[in-house]
Amino acid sequence: MLIDRQYRTNIGRQELEDALNVMNPALDELFRQPWMTKSFFGRDKEILKELMEYAEQIRKSADLVLILAGRGAETDLAVRAALSAVPADEEAPEIQIVEPGLSPAYYSGLLDQIRGKNASLIVIDLPERGGAGAEEELAFRAAYHILKRAVISGADSAGSSLIVSAEAGKIYAICNGSSRDLLPDARDNDYPILYVGEEASPYLANAEAVLLPLAVRDPLGAAEYLKGFGDAVQSPDWDRDACVPAYEMLERAVRVDCWQQEYREMASWMAALLKRRVGQTDVAARSLPWELTALADERGQGGLYEILLASRDYETDLMTPLFDGCDPDGSLHGLMASTADHDFFASGEGLPGVKLVSPLPDAEAAGALMAFLQMTAWLAGHVQ
């Protein structure tokens, strides 16, 4: 597997057998999940090819792409996680993910950014059975209609009338059959509609909701991302290596840590997925070193499981001046890596945890990490 797994404590034979005994029934069920079979049989790669036409339209026509993902934090965070971990190519438009809300100041600032630009809007509406809260639905509707008018009119003025014409091609809808706002409006206005099965949410790492924004950011990078995702899913090792973290985090507080900018959103996505899937309230992401001391007491209680996301190398590095505590070779990446290792392995000695290490923070590694984390979250939730 592309991702190296480094466990903080030794995994003995008995513990491995216990984990597999508990998780084996869940593994059989996991193989039947739609997002897994889609990867096994290459259907997600076929979907990406179909999305490339839309991505190319957006890349040619827009210098700003707004993404509105409503109805649940996991959707928004899945998109953010993939985009932040996949570098943009030289021709990529600016991409901004909108935070649904009811703040006039926020939308005024956003409309100022849109004004004078060729903007496109990707709207993701994947409500699940049971529905979202009334406030969340209202915030999503407000955001959608404000941005729709701004994108189509060019945000000439806050009170400009809505004109639906050929410019409607600026709006792309990603939704499921339960969408009560976006789907009817997209049909009425002939916006391109990409359907996502209701069974997919919240496991969206290889779904249209993530793949279209990735293809807009970098078409080749999106293909590499799916390659990494597929390689992780089909690896002969992952069923064992995903079982152990899923088993060990049961009935423990969980922290997903990262020291690298590329993986901050991915850590937040994994934490949200675990909180939703496993039902634990004591799950959080930490961006280190800013939150380094926040869990000192919990580490001493033995009730904590930590996941550290990292890369072994960087394509570029920064050489620092000499200062007290600097890396002996002057490498900033080397300093970060050694500090992260000390925090994870030395400070947390004796507590269970796993460090997931990619060769480089690139698109293929992002896909592999997202697959591994999504499988682990599903397993942990299935046996909870």
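Residues numbered from 1 in each chain as written. Predicted model: local features only at pLDDT ≥ 70, side-chain atom pairs only at ≥ 80, totals over all residues. Heavy atoms only, no water.

Engineer: Got a minute to help me understand the overall build of the protein chain in this structure?
Structural biologist: Looking only at helices and strands, the protein chain has 14 helices and ten strands in total. Taken across its 384 residues, the protein chain has 54% of its residues classed as buried. If you take every contact in the protein chain between residues at least 6 apart in sequence, the share linking residues at least 24 apart comes to 79%. Of the roughly 16,500 Å² of accessible surface on the protein chain, 50% is carried by carbon and sulfur atoms. (Helix = DSSP H or I, 4+ residues; strand = E, 2+ residues; numbered from the N terminus. Buried < 20%, exposed > 50% of the residue type's maximum accessible area, 1.4 Å probe, protein only. Contact = heavy atoms within 4.5 Å. Areas by Shrake-Rupley, 256 points an atom, 1.4 Å probe, with all protein chains shown as cover.)

Engineer: For this particular structure, what's the right way to read helix H8 (residues 208–217)?
Structural biologist: Residues three or four positions apart in an α-helix share a direction because the helix packs 3.6 residues into each turn. Most of H8 sits out of view: nine of its ten residues are buried. Glu208, Ala209, Val210, Leu211, Leu212, Pro213, Leu214, Ala215 and Val216 are the residues of H8 that are buried.

Engineer: What is the right way to read the packing of aromatic side chains from this model?
Structural biologist: The way to describe two aromatic rings as a pair is by their centre distance and the angle between their planes. Scanning the entire structure with this criterion turns up five aromatic pairs. Considering the side-chain rings of Tyr54 and Tyr172, the 5.9 Å spacing of their centres and the 70° angle between planes classify their relative orientation as edge-to-face. You can see Tyr54 sitting in helix H3 (residues 43–61) and its partner Tyr172 sitting in strand E5 (residues 171–175), a full 118 residues away along the chain. Ring centres of Phe344 and Phe345 lie 4.9 Å apart, and the angle between their planes is 90°; on these two criteria the pair is classed as edge-to-face. Residue Phe345 is classed as partly exposed on the basis of its relative accessible area of 27%. Over the face of the ring belonging to Phe344 we find Arg8, whose NZ or CZ atom lies 4.4 Å from the ring centre. (Phe/Tyr/Trp six-rings, centres within 6.5 Å; stacked < 30°, edge-to-face > 60°. Lys NZ or Arg CZ within 6 Å of the ring centre and 35° of its normal.)

Engineer: Could you clarify how one ought to interpret the packing of H3 against helix H9 (residues 219–234) in this entry?
Structural biologist: The geometry of a pair of packed helices is captured by two quantities: the angle between their axes and the separation between those axes. At their nearest, the axes of H3 and H9 sit 10 Å apart, and the two run at 160° to each other. By the angle class used here, H3 and H9 are roughly antiparallel. For H3 against H9, the interelement crossing comes out right-handed. Contacts between H3 and H9 pair Asp44, Lys45, Leu48, Met52 and Arg59 from the former with Pro219, Ala222, Ala223, Leu226 and Phe229 from the latter. Residue composition of the contact of H3 with H9, grouped by class: seven nonpolar, no polar and three charged. (Axes fitted to C-alpha atoms, helices over the stretch in contact; angles between N-to-C directions. Parallel < 35°, antiparallel > 145°, perpendicular 65-115°, else oblique. Left-handed = near helix turned anticlockwise from the far one by under 90°. Nonpolar A, V, L, I, M, F, W, Y, C, P; charged D, E, K, R; others polar.)

Engineer: I would appreciate a short explanation of the sheet that holds strand E4 (residues 119–125) in the present structure.
Structural biologist: Adjacent strands of a sheet form backbone hydrogen bonds with each other and so pair up, either parallel or antiparallel. As summarised here, the arrangement of the five strands in space is E3-E2-E4-E5-E6, forming an open sheet in which the pairing is parallel. On the outer flanks of this sheet lie strand E3 (94–98) and strand E6 (193–195), each paired with one strand and no other. When strand polarity is set aside, the average angle formed by the axes of neighbouring strands in this sheet is 15°. Taken together, the five bridges between strand E2 (residues 64–70) and E3 define a ladder with parallel strand orientation. (Pairing = 2+ DSSP bridges.)

Engineer: Any chance you could explain the pairing of strand E7 (residues 253–258) here in plain terms?
Structural biologist: With respect to burial, E7 is a largely interior element, six of its six residues being buried. Residue alternation in E7 divides its side chains into two sets, Ala253, Arg255 and Asp257 and Val254, Val256 and Cys258, and both sets are buried. Sheet analysis places E7 next to strand E9 (residues 304–311), joined by six bridges and oriented parallel. Residue Val256 lies in a different strand from E9, and its bridge partner there is Ile307. Alignment of E7 against strand E8 (residues 283–287), held across five bridges, turns out to be parallel. By the bridge assignment, Val254 is partnered in E8 with Val283.

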